[in-house]
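Topology and contacts: notes
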Amino acid sequence: MSEIANISLKEKAEIYAFLKVVFATEPSPELLKYLQNRQVLESLQASGVDLEKKDLDISQLTALKDDYTQLFIGPAKHIALNEAIYTEVTPQFWGEDTVKMNKFIGYLNLELDEKWKRMPDHIAVEFELMQKLLEAKIKASEENDHQTVQQCTKAINNLFEEHIVKWVPQVCAQVIERAQTSFYKAIGAWTQIFIQSS
């Protein structure tokens with residue numbers, strides 16, 4: 001776990017980009033190939049995640065797609081991936097926290113993919129925002145732009161403390177409990193470890 005706590009900003013940005021893909025789209029052959037990379041697999045295993053190369057074999061793709069569907073789409077009760085469902089007194093889509101996230105995105109003047117504009121508090125959006133903020137901080141640091149580094153740091157801390165950490169661990173716990181494949185159990189556990197260690 002200490003390995004995660006000591007990673008660079010660039011590595012954190014890459015992890016958030018990866019998590020965005022994992023939670024936004026069903027598994028693909030490209031994702032499985034990426035995860036089979038020795039360094040990626042070792043990083044997951046070093047974090048205490050029980051995932052082996054056989055779990056990522058292309059022959060598992062249909063089972064992984066089925067698991068993604070039952071976890072996040074339905075038709076049965078699925079895991080909601082929107083912040084307001086977890087943080088509002090009365091869970092609802094487009095609650096007060098969704099409005100806050102929408103304003104935060106506007107304040108940062110970041111462009112979202114068109115499909116996300118209707119769901120600014122979706123887990124993939126929050127992960128993408130964190131990725132972009134980390135990348136902006138890296139760039140500002142390389143350019144010795146101390147003011148932008150401070151602004152990015154403030155926005156990163158706000159996004160993490162006021163949004164991500166307040167609800168993403170609950171999603172992870174549900175994924176671990178309800179996943180039917182070792183892949184999604186591992187993703188839930190690894191995401192939870194990553195968030196709690198940040």
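For the structure itself, look to the data block above.
Notes on the structure in this doc start here. The structure displayed is predicted, hence computed values, not measured ones.

Among soluble globular proteins, nonpolar side chains are generally buried collectively. Judged by nonpolar contacts, the single largest core of 57 residues is most densely connected at Tyr16, Phe23, Phe72, Phe127, Ile164, Val171 and Tyr184. Broken down by secondary-structure element, the contributors of at least two residues to this core are helix H2 (9–24), helix H3 (29–35), helix H4 (38–46), helix H5 (61–72), helix H7 (96–108), helix H8 (123–142), helix H9 (146–178) and helix H10 (182–197). With residues near it in sequence (within four places) discarded, Tyr184 still touches Val22, Pro27, Leu64, Asp67, Tyr68, Leu71, Phe72, Val175 and Ala179.

This next bit is on the packing of aromatic side chains. On inspection of all chains with the given rule, the structure shows 12 aromatic pairs. With 5.7 Å between their ring centres and 40° between their planes, Phe18 and Tyr34 make a pair best called tilted. Here the residue Phe18 occupies a position in helix H2, and Tyr34 occupies one in helix H3, the gap between them amounting to 16 residues. Between Phe183 and Tyr184, the ring centres sit 4.8 Å apart and the planes meet at 90°, which makes this aromatic pair edge-to-face. Look at Phe183 and you get buried, because its relative accessible area is 1%. Every member of this aromatic cluster is reached through a ring pair, and the members are Tyr16, Phe18, Phe23, Tyr34, Tyr68, Phe72, Phe127, Phe183, Tyr184, Trp190 and Phe194.

On to the layout of surface pockets, then. In this approach a probe as big as a water molecule rolls over the atoms, and the regions it shows empty are the leftover space. In this structure, the second largest pocket encloses a volume near 270 Å³. Lining the second largest pocket are Phe104, Tyr107, Leu108, Leu133, Ala136, Thr148, Gln151, Cys152, Lys154, Ala155 and Asn158. Contributing elements (two or more residues each) for the lining of the second largest pocket: H7, H8 and H9. By residue number, the principal contributor to the lining of the second largest pocket is H9, which donates 6 residues. For the lining of the second largest pocket, the per-class residue count stands at 7 nonpolar, 3 polar and 1 charged.

A separate point is the packing of H2 against H8. For the pair H2 and H8, interaxial distance at closest approach is 8 Å and the crossing angle is 160°. With respect to each other, H2 and H8 are oriented roughly antiparallel. You can see that H2 and H8 cross each other, and the crossing is left-handed. Contacts from Leu9, Lys10, Lys12, Ala13, Tyr16, Ala17, Leu19, Lys20, Phe23 and Ala24 of H2 reach H8 at Ile123, Ala124, Phe127, Glu128, Met130, Gln131, Leu134, Glu135, Lys137 and Ile138.

Quick look at unusual backbone geometry now. Geometrically, the link from Gly74 to Pro75 is a cis peptide bond, its omega value of 15° lying close to zero. Position of Pro75 relative to the elements: it lies in the loop between H5 and helix H6 (83–87). Non-glycine residue Trp94 carries a positive phi angle of around 55°. The backbone phi angle of Asn144 is positive, close to 55°, even though this residue is not glycine. With respect to the helices, strands and loops of the structure, Asn144 is situated in the loop between H8 and H9. Taking relative accessible area as the criterion, Asn144 reaches 57% and is therefore assigned exposed.

Let us look at the pattern of salt bridges. Applying the stated criterion across every chain, the model contains 6 salt bridges. Among the salt bridges present, the one from Asp97 reaches Lys100, with a minimum N-O distance of 3.7 Å. Here Asp97 and its partner Lys100 are both found in helix H7, 3 residues apart, which amounts to about one turn of the helix. A relative accessible area of 12% places Asp97 in the buried class. Lys100 sits in the partly exposed class, given a relative accessible area of 43%. A salt bridge links Glu162 to Lys166; the shortest N-O distance between them is 3.3 Å. Linking Glu162 with Lys166, this pair stays in helix H9, spanning 4 residues, or about one helical turn. Each member of the salt-bridge network shares a partner with another, and the members are Glu96, Asp97 and Lys100.

Cut-offs and rules
Residues numbered from 1 in each chain as written. Predicted model: local features only at pLDDT ≥ 70, side-chain atom pairs only at ≥ 80, totals over all residues. Heavy atoms only, no water. Core = buried A, V, L, I, M, F, W, Y, C linked by side-chain atoms within 4.5 Å. Buried < 20%, exposed > 50% of the residue type's maximum accessible area, 1.4 Å probe, protein only. Helix = DSSP H or I, 4+ residues; strand = E, 2+ residues; numbered from the N terminus. Contact = heavy atoms within 4.5 Å. Phe/Tyr/Trp six-rings, centres within 6.5 Å; stacked < 30°, edge-to-face > 60°. 1 Å grid on protein atoms, 1.4 Å probe; cavity = no way out; pocket = protein on both sides within 12 Å on 5 of 7 lines; lining within 4 Å. Points joined across faces, edges and corners; volume = space filled by probe spheres on them. Nonpolar A, V, L, I, M, F, W, Y, C, P; charged D, E, K, R; others polar. Axes fitted to C-alpha atoms, helices over the stretch in contact; angles between N-to-C directions. Parallel < 35°, antiparallel > 145°, perpendicular 65-115°, else oblique. Left-handed = near helix turned anticlockwise from the far one by under 90°. Salt bridge = Lys/Arg side-chain N within 4 Å of Asp/Glu carboxyl O.

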